[in-house]
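Notes for the structure review
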Amino acid sequence: MFDLKNRVVAITGASSGLGVQMAKGFAAQGADLVIMARMERLEAFAEEIRAMGVKCLPVKCDVTDSAQVDAAAKAAEEAAVEAPAKRSSKMIDIEADDK
């Protein structure tokens, strides 16, 4: 359909339903992803996305909390500019970091 290689897509609500389907669709087109949700199963889904040959950063984040959204955006930006060898594939838990 179209090529999204070298593009990054941020998806909220990525632990179920439409968010999961959107993430799979963007990954199938070659986009790297930042997936965000409140659910713990985000890391397992990130592994599934990575198996499609793209990068995926899972961020536990409640989008109704603007501080968490800001922190998630900062984490995604920092992950994008780090040297590839230093990138972590571990889930970032914004809520826990704020406490």
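These lines cover the structure that appears in this document, whether it is placed above or below. (Residues numbered from 1 in each chain as written. Predicted model: local features only at pLDDT ≥ 70, side-chain atom pairs only at ≥ 80, totals over all residues. Heavy atoms only, no water.)

**A few points about the pairing of strand E3 (residues 56-60)**
Among the 5 residues in E3, 5 count as buried, and that is most of the element. Side chains of E3 alternate between two faces, with Cys56, Pro58 and Lys60 and Leu57 and Val59 buried alike. Strand direction decides the pairing type here: strand E2 (residues 32-37) and E3, joined by 5 bridges, are parallel. Pairing of Ala37 across the sheet is with Lys60, part of E3. A crossover connection joins E2 to the parallel E3 through helix H2 (residues 42-50); in handedness this β-α-β unit is right-handed. (Buried < 20%, exposed > 50% of the residue type's maximum accessible area, 1.4 Å probe, protein only. Helix = DSSP H or I, 4+ residues; strand = E, 2+ residues; numbered from the N terminus. Pairing = 2+ DSSP bridges. Right-handed = clockwise from strand over helix to strand, strands pointing away.)

**What about unusual backbone geometry?**
Positioned with a positive phi, Asn6 is a non-glycine residue whose angle comes to about 70 degrees. Its location among the elements puts Asn6 in the segment before strand E1 (8-12).

**Considerations on the pairing of E2**
The buried count for E2 comes to 6 of 6 residues, which makes it a mostly enclosed element. Crossover handedness for the path E1 to helix H1 (residues 17-28) to E2: right-handed.

All we've got here are geometric facts, nothing functional implied.
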